[in-house]
Amino acid sequence: MKVAIVGSSGYIASYLRKDLLEKGHTVMDIGRSGADTEYLDLNQPEAFRYPVLETADFVVFTAAVSSPDQCASHYSQCWKVNVDGTAYFIRQALGYGCKVLFFSSDAVFGDMPGCIYTEESRTMAVTAYGEMKKAVEDKFKKKKGFKAIRLPYVVSKNDRFVTYCLDCARGGHIAEVYHPFYRNCIVMSDVVAAVAWLMDHFESFQPFALNVAGRELVSRIRIADELCWLASGGLEYIICRPESWFFKNRPMVTRMKSLYLDTEGVLAEGTFTEKFRREMEGVVLW
């Protein structure tokens, strides 16, 4: 199978790429890195050489301006990339017969206190980033060959918060942990497994979207405590309440679950603690 990864040098894409190659698939790297097979600037999507997609079975679209604050402060510029350029590319890819997996976000749902969002929940985005992801979903959700993968915060040994905490521990600094801030965090290995499952079941899985969410609602304090345990108490942190501007571009709590991950046996069993510790294997804490 040949898979084109758009944004192949990105955080999640690098893990997907490694998994695909290990399974013997061919990967076409698409992006703005000098190492990419094909160059793509989503500000000028019409300049891409679309006939190269004729040989691709799947397009995995991970590219985006993903900072909620940047999307809010540079709305028009980010809309051009996250919606206009993205939609142009996806439309062309579908036209060449590719199956498209679009990486979306739990931000499409909005901010309804107490609500647990499923694949059947109405999307009512209230942030700039959420509006952009929702706009792409709405454009293609009825198109054959398109599916969206909605992610919460993805935890790994290389995610921003874990990296920040580890840097603080190694440097002898006290980490500042924002609270309250909750998501149904998913570990990276589960994201990779879910993508592989969806590729294998693309035709039989009828919904256009799959919520790839963890079973537990996890705070940043929980992640910091897990790291503290792994570091034998070597991580020190203080709990900080974010300033009001922080929550303008991201809900305080987003609870997302899937109607399908468990019933279809997509992910392995295990608590967040168990999965997080496996995710961190091999990390040098000091």
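Treat the numbers as computed from the prediction; the structure is a model and nothing was measured.

Cut-offs and rules
Residues numbered from 1 in each chain as written. Predicted model: local features only at pLDDT ≥ 70, side-chain atom pairs only at ≥ 80, totals over all residues. Heavy atoms only, no water. Axes fitted to C-alpha atoms, helices over the stretch in contact; angles between N-to-C directions. Helix = DSSP H or I, 4+ residues; strand = E, 2+ residues; numbered from the N terminus. Parallel < 35°, antiparallel > 145°, perpendicular 65-115°, else oblique. Left-handed = near helix turned anticlockwise from the far one by under 90°. Contact = heavy atoms within 4.5 Å. Nonpolar A, V, L, I, M, F, W, Y, C, P; charged D, E, K, R; others polar. 1 Å grid on protein atoms, 1.4 Å probe; cavity = no way out; pocket = protein on both sides within 12 Å on 5 of 7 lines; lining within 4 Å. Points joined across faces, edges and corners; volume = space filled by probe spheres on them. Buried < 20%, exposed > 50% of the residue type's maximum accessible area, 1.4 Å probe, protein only. Pairing = 2+ DSSP bridges. Core = buried A, V, L, I, M, F, W, Y, C linked by side-chain atoms within 4.5 Å.

Peer 1: Is there a simple way to explain the packing of helix α1 (residues 11-22) against helix α6 (residues 188-200) in this structure?
Peer 2: Packed helix pairs are characterised by how far apart their axes lie and by the angle those axes make with each other. Packing of α1 against α6 brings their axes to within 10 Å, and their N-to-C directions diverge by 60°. One element, α1, and the other, α6, form an angle in the oblique class. The chirality of how α1 crosses α6 is right-handed. Residues Y11, I12, Y15, L16, D19 and L20 of α1 lie in contact with α6, whose contacting residues are M188, V191, V192, V195 and M199. Of the residues that constitute the contact of α1 with α6, the class distribution is ten nonpolar, no polar and one charged.

Peer 1: I'm lost on the environment of D190 in this one. Help?
Peer 2: Turning to its location among the elements, D190 is positioned in helix α6. For the pair D190 and V154, spaced 36 residues apart in sequence, the C-alpha to C-alpha distance is 9.3 Å. Leaving out residues up to four positions away in the same chain, D190 has contacts with V212, L267 and K275.

Peer 1: Looking at this structure, how should I read the environment of V136?
Peer 2: Within the secondary structure, V136 sits in helix α4 (residues 128-140). Measuring from C-alpha to C-alpha, the distance between V136 and A87 comes to 6.4 Å, with 49 residues separating the pair along the chain. If near-sequence neighbours (up to four positions away) are discounted, V136 is found in contact with N82, V83, T86, I90, F102 and F146.

Peer 1: What is the right way to look at empty space enclosed by the protein in this model?
Peer 2: Gaps left between atoms show up when a probe the size of a water molecule is rolled over them. Under the counting rule described, the total for this entry stands at three cavities of 30 Å³ or more. Each pocket or cavity is described by its volume, and for the largest cavity that value is around 70 Å³. The wall of the largest cavity is formed by Y153, F161, F181, Y182, R183, C185, V218, S219, R220 and I223. Among the elements of the structure, β10 (182-183), β13 (218-219) and α7 (220-230) are those that each provide at least two residues to the lining of the largest cavity. Tallied by class, the residues present in the lining of the largest cavity amount to seven nonpolar, one polar and two charged.

Peer 1: I would appreciate a short explanation of the pairing of strand β7 (residues 146-151) in the present structure.
Peer 2: The side chains of a regular strand alternate between the sheet's two faces. Burial within β7 is extensive, with six of its six residues counted as buried. Side-chain alternation along β7 places F146, A148 and R150 on one buried face and K147, I149 and L151 on a second face that is also buried. Pairing of strand β5 (residues 99-105) with β7 involves six bridges; the strand directions are parallel. Note that in β7 the partner of S105 across the bridge is L151. As judged from the three bridges shared by β7 and strand β12 (residues 209-211), these two strands associate in the parallel manner. Its bridge partner lying in β12, A148 is registered against A209.

Peer 1: Where do I start with the packing of helix α3 (residues 75-95) against α4 in this structure?
Peer 2: Two numbers describe how α3 lies on α4: the axes approach to 10 Å, and their chain directions differ by 20°. For the element pair α3 / α4, the angle class is roughly parallel. For the pair α3 and α4, the crossing hand works out as right-handed. Along its contact with α3, which presents Y75, C78, W79, N82, V83, T86, A87, I90, R91 and L94, the element α4 presents A128, Y129, E131, M132, A135, V136, K139 and F140.

Peer 1: Would you take a moment to explain the nonpolar core for this structure?
Peer 2: Formed by 37 residues in total, the largest nonpolar core has its most connected members in I30, L53, V59 and F89. At the level of elements, β1 (2-6), β2 (26-31), β4 (58-61), α3, β5, α4 and β7 are the ones that each hand at least two residues to this core. Top contributing element to this core by residue count: α3, with seven residues. In terms of nonpolar packing, the next biggest core, distinct from the first, is built from 31 residues, A13, F58, M188 and V195 among them.

Peer 1: Please explain the sheet that holds β7 as it appears in this structure.
Peer 2: Sheet strands associate in pairs through backbone hydrogen bonding, adopting either a parallel or an antiparallel arrangement. Taken in spatial order, the seven strands make up an open sheet running β3-β2-β1-β4-β5-β7-β12, and their pairing is parallel. In this open sheet, the two strands that pair with only one neighbour each are β3 (38-39) and β12. Strand contacts of α6: β1, β4, β5, β7 and β12, with the helix running at about 145° to β5, the strand carrying the most contacts.

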